Amino acid sequence: MGPFDIPWPTFAAFLVVLLAIVLALAYAAWDRAREARDEGGRGANEGGDR
Amino acid sequence: MSVYVPVLAVYLGLLAFIGYRLRARSRDASDFAIGGRSVGPWVTALSFVAAYYSSVVIIGGGAFGWMYGLSTLWIGASNVLLGTTLAWIVLGWRIRRFTGRLGVMTLPGFFSERYASPPARIFSAAVTGLFLIIYNVSVLKGMANSFEVLMGMPYWGGVLVSGLVILFYTAVGGYLAVVLTSFVQALVMIGALLLLTFAALQKAGGLAAVAQRLSEAGPGLVDTPGAWGWAGLVSFAFIVSLGVWGMPQLVIRFYSIKSHKMLRLGLVVVTLGASVALLPYLTGAISRVLVPTLDSPDQAIPALTKLVLNDWGGAFFLAGVVAAGMSTFAGVLIIISSSLVRDVWVQGLGRTLTPAAEVKANRWMSLAVGVVSLLVALKPPALILVLTAFSWAVIASTNLWPLLFGLYWRRTSPRATLWSMILGAAAALVWQAASRLGALPEAWRGVHGFMIGVGIALVVIVAGTWLGRPAPREKIARAWGDEEAA
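Criteria and thresholds
Residues numbered from 1 in each chain as written. Chains lettered and ligands numbered in written order. Predicted model: local features only at pLDDT ≥ 70, side-chain atom pairs only at ≥ 80, totals over all residues. Contact = placed C-beta atoms within 7 Å. Helix = DSSP H or I, 4+ residues; strand = E, 2+ residues; numbered from the N terminus. Expected span 1.5 Å × (residues − 1). Buried ≥ 20, exposed ≤ 12 C-beta atoms within 10 Å, placed from the backbone. Core = buried A, V, L, I, M, F, W, Y, C linked by C-beta atoms within 7 Å. Axes fitted to C-alpha atoms, helices over the stretch in contact; angles between N-to-C directions. Parallel < 35°, antiparallel > 145°, perpendicular 65-115°, else oblique. Left-handed = near helix turned anticlockwise from the far one by under 90°. Nonpolar A, V, L, I, M, F, W, Y, C, P; charged D, E, K, R; others polar. pLDDT = per-residue confidence, 0-100.

A. Spatial organisation of the interface of chain B and chain A. Between chain B and chain A, the contact holds 34 residues from the first and 26 residues from the second. Contributions of two or more residues to the side of chain B that touches chain A are made by α5 (73-102), α9 (207-217) and α12 (260-274) of chain B. For the side of chain B that touches chain A, the element with the highest residue contribution is α5 of chain B, accounting for eleven residues.

Shown next as structure tokens:
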């Protein structure tokens, strides 16, 4: 039995949401570092194209 | 009742005001359909959440929680991880770059330009238009039911009040009004769900007490997969999570974001905002403990609201449910109108429109489609969530793989793409119809048509691409950009 008397296979749903938040933070940090490395500060975005 | 009227009047008035203030910001079709690709991360992220979670998810999700218990939390968890975080990582910036290079504003437009396939554009636009109207009817029904139960307003009154306000700000303000109102609506919806959840947990004596009382009522209400079974639970979790990857009203958010940096911040914001997906299912399960006897599971959340919140809290929660429905309805409305004007009228029939005329055509089209949805919703079909899942299955089976492969696999064959759309949509439709008619073997009845539709669509697009020819070289080079295509 997991926390709050909820079976682990059910409680794991909360952990998956936590995993998604960690994944989003980790990806954002990795992507930022990659952009800084690859672009060397010349500005990678294409915000003006339509 | 007396408290509900001023709260909703102020809220709906604010939304209409936002639409009115933004009326002059739509100077051409790009402004009307995708906000001129200039939307920031907070608005993009929270408007994605608002468009994703409609009143159907809140009311219907609560109904599932009431019926099947805590295992339904997995649906919310898959909404967050698969339907939001991974969708943003895998699709987000790639869609923004590709659609910018190709100069397209709609999903059917992307298929047309990426694959040089006008039939793919027409088929996708037709399926999307038809089934999104069905989806919109179910969204309106969900909102009107909430007005009915919480305020005592007649059903038709709920349809008209919510529908007419949305029509006003969408037709007048265009995409910018839709995303800005959705931003406000997401905040209201998240606040309302948190309020209801805390109040319900307090009333029930905490999460452990809820789990204890649910297990006494039946072990299937706390175990996974529990009373629903693996086939039903997994199918449904996939349709409402992976299905997002092919839903135009959600992927359009990626067309419009301003820059890569903003998409990164948006990813974190959207994941945090989307986490409220757990709450309708959790509150639904709590309502099984607090209101064990109901005429219909759809009454679980409204009944719980009446039990645990005072009038002000109830009015705020109703605003949250209405917010969820309105933002979804408006997002869908703008997709249908821009798709019909741009993909069918301008591109398909070869009509030339000035920028001002195209904006005007979009305004009239969104009004016309909205009125049709309103009229259909006044005499609505029965089960809200089933209908939603039905329309999602067909739309996602049509769009999901052509979009994903179009972004990642240069060789993807235009002909395989078209057949994948047609056979995927047909398989989802036939399977759902057979399921409704009881024509499927017992063991297969829990499997949703979405799984069959996307499964067949995947096989067709992969096999057809191996056997067929890719799109013209210049189309691929343009989509991938010069530096990548060289």
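Further notes follow.
B. Geometry of helix α19 (residues 449-467) of chain B. Across its 19 residues, α19 of chain B extends 27 Å between first and last C-alpha, which sits within 8% of the 27 Å expected from 1.5 Å per residue. Buried within α19 of chain B are the following residues: Gly-449, Phe-450, Met-451, Ile-452, Gly-453, Val-454, Ala-457, Val-460, Ile-461 and Thr-465 of chain B.

C. Here's a closer look at the nonpolar core. All names here are of chain B. Formed by 186 residues in total, the largest nonpolar core has its most connected members in Val-49, Met-189 and Ala-319. Of the residues forming this core, the biggest block, 24 residues, is contributed by helix α8 (residues 155-204). Not counting residues within four places of it along the chain, the set of residues in contact with Met-189 comprises Ala-50, Tyr-53, Gly-320, Ala-323 and Ala-324.

D. Focus on the packing of helix α7 (residues 118-151) of chain B against helix α18 (residues 414-436) of chain B. Residues and elements named next belong to chain B. In contact at an axis separation of 9 Å, α7 and α18 are set at 20 degrees when each is read in the N-to-C sense. Overall, the two elements α7 and α18 adopt an arrangement that is roughly parallel. In the packing of α7 onto α18, the handedness of the crossing is left-handed. Contact residues: α7 offers Pro-119, Ala-120, Phe-123, Ser-124 and Val-127, while α18 offers Pro-414, Thr-417, Leu-418, Met-421, Ile-422 and Ala-425.

E. Examining the packing of α8 of chain B against helix α16 (residues 355-378) of chain B more closely. All names here are of chain B. Between α8 and α16, the least distance of the axes is 10 Å, while the angle of their chain directions is 170 degrees. In terms of axis orientation, α8 runs roughly antiparallel to α16. Contacts from Trp-156, Val-159, Gly-163, Ile-166, Leu-167, Thr-170 and Ala-171 of α8 reach α16 at Arg-363, Ser-366, Leu-367, Gly-370, Leu-374, Ala-377 and Leu-378. For the contact of α8 with α16, the class distribution of residues is nine nonpolar, four polar and one charged.

F. The confidence of the model for chain B, seen in detail. In this model, chain B carries a mean pLDDT of 86, and residues with pLDDT of at least 70 account for 95%. This complex was scored by the predictor with a pTM of 0.88 and an ipTM of 0.86.

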